[in-house]
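Residue-level listing of the chains:
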Amino acid sequence: MKILLAVSGGIDSMYMANRAPELFPGACFAVAHCNFHLRGEESDGDAAFVQAWCRERGMECFCADFDTLQRASEAGVSVEMAARELRYKWFLELCLREGFGAVAVAHNANDNAETLLLNMLRGCGSKGMCAMDASSKLLGTESVMLLRPLLGTLRGQIREYMVSKGLEWREDSSNAQSDYRRNLLRNKVFPLLESINPSAVSTLCGDISRLRQTQAVADDYFEAALESICAPDGSVDVRALLALRHWKYVLWRLLEDSGISSATLEKMYALLERYGAEPAGTVTLSGKVFQTPKRLISFVGKRMVVRPR
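Residues numbered from 1 in each chain as written. Predicted model: local features only at pLDDT ≥ 70, side-chain atom pairs only at ≥ 80, totals over all residues. Heavy atoms only, no water.

The buried fraction of strand E2 (residues 28-35) is high, at seven of eight residues. Looking at chain direction, strand E1 (residues 2-6) and E2 are connected through five bridges and run parallel. Across the sheet, residue Ile3 finds its bridge partner in E2, namely Phe29. Following the backbone out of E1, through helix H1 (residues 11-23) and into the adjacent parallel E2, one traces a crossover that is right-handed. (Buried < 20%, exposed > 50% of the residue type's maximum accessible area, 1.4 Å probe, protein only. Helix = DSSP H or I, 4+ residues; strand = E, 2+ residues; numbered from the N terminus. Pairing = 2+ DSSP bridges. Right-handed = clockwise from strand over helix to strand, strands pointing away.)

As structure tokens, this is what we get:
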């Protein structure tokens, strides 16, 4: 299998690059490096460092330059989000063009614990609480996998290994700043959590593992529920929905990818609760319409219809 290693030059990705033959026995490797031009000469130094490391080992190195600030401005998103979108889109294009079956990124156990808290603070439901998966399809494609081989490895273990082996990496000066939410968690919140529980990261990662198992059960329940409430045209029989013990969960799962707000969801819950509690004909659903950023939810007779906006 051909695996593309996403290498920034930082300690985590250099650990992954140096240990790739152990992490992926029998695979063939090349390196992909993104220069987001966010730290001036330091960014260029990272690119030069990664290229030199690859030359010394005879490893192919693909490099891409991005105007990340411009992309963030044009798309109206954060710099972090713009960099993520640019990175993964390029990885996919590169894999499809060069025949790589997977991209490996160096997210570690600490990153996963941080992702859990970030998702919870944003409001995410059980799926978001599962944080990052060790493997998934890259941008939803069938042919390219996204691999995270270090999710079980603590940041301290990575540093200990790199120092003990005398291996080099580049320090990202922006990591010491708390301008971004993840850095704020990393620099301020996790030291406080670890003063309460020195094993806070490991504990949270254990919770993620158990939440994944719970989510698998919930997924099975949701899929079975869909078969009982959905008509062939995709509309939902409201009476059948309300007959479910956990109908609120099923409704939320139906609409979670629509960008629905908590306020709108609560209004739908209240309407359906009244409809289910009052005698037939007392509460009318037909004609009621709810909008989300991505969907139009309308009620026709005793059915709920969800359409793209």
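Describing two packed helices takes the angle between their axes plus the distance from one axis to the other. For the pair helix H5 (residues 109-122) and helix H9 (residues 200-229), interaxial distance at closest approach is 9 Å and the crossing angle is 70 degrees. In this view, H5 runs roughly perpendicular relative to H9, as classed from their interaxial angle. Crossing handedness for the pair H5 and H9: left-handed. Here H5 contributes Ala109, Asn110, Asn112, Ala113 and Leu116 to the contact with H9, which in turn contributes Val201, Leu204, Cys205 and Ile208. The residue makeup of the contact of H5 with H9, split by class, is seven nonpolar, two polar and no charged. (Axes fitted to C-alpha atoms, helices over the stretch in contact; angles between N-to-C directions. Parallel < 35°, antiparallel > 145°, perpendicular 65-115°, else oblique. Left-handed = near helix turned anticlockwise from the far one by under 90°. Contact = heavy atoms within 4.5 Å. Nonpolar A, V, L, I, M, F, W, Y, C, P; charged D, E, K, R; others polar.)

The next point concerns the sheet that holds E1. An order of E3-E2-E1-E4-E6-E5 is seen for the six strands of this open sheet, with the pairing classed as mixed. Edge strands, defined here as strands with exactly one partner in the open sheet, are strand E3 (61-65) and strand E5 (135-137). The sheet shows a mean angle of 25 degrees between the axes of neighbouring strands, direction not considered. Bridge count between E5 and strand E6 (residues 145-147): three bridges; the pairing is antiparallel. Looking at E6, one finds that Ser136 is bridged to Leu146. Sheet strands in contact with helix H2 (residues 41-57) are E2 and E3, and its direction is about 165 degrees off that of E2. Contacts from helix H4 (residues 79-98) reach E1, E2, E3, strand E4 (102-104) and E6, with the element oriented near 145 degrees to E2.

Attention shifts here to the sheet that holds strand E9 (residues 295-300). Strand order across the open sheet formed by four strands is E7-E10-E9-E8, with antiparallel pairing between neighbours. Sheet topology places strand E7 (236-237) and strand E8 (289-291) at the edges, where each strand pairs with a single neighbour. Note that E8 and E9 share three bridges and pair antiparallel. Across the sheet, Phe290 pairs through a bridge with Ile297, a residue of E9.

Enumeration according to the criterion identifies 21 salt bridges in this entry. With a closest N to O distance of 2.4 Å, Arg39 and Glu42 form a salt bridge. In this structure Arg39 comes out as partly exposed when scored by relative accessible area, which is 23%. On the basis of relative accessibility, which here comes to 21%, the residue Glu42 falls in the partly exposed class. In this structure, Arg155 engages Glu114 in a salt bridge whose closest nitrogen and oxygen atoms are separated by 3.3 Å. Pair noted here: Arg155 is in helix H7 (residues 155-164) and Glu114 is in helix H5, with a separation of 41 residues, a long-range link. On the basis of relative accessibility, which here comes to 21%, the residue Arg155 falls in the partly exposed class. Relative accessible area serves as the criterion here: at 2%, Glu114 is assigned to the buried category. Members of the salt-bridge network, linked through shared partners, are Arg39, Glu42, Asp46, Arg170 and Asp172. (Salt bridge = Lys/Arg side-chain N within 4 Å of Asp/Glu carboxyl O.)

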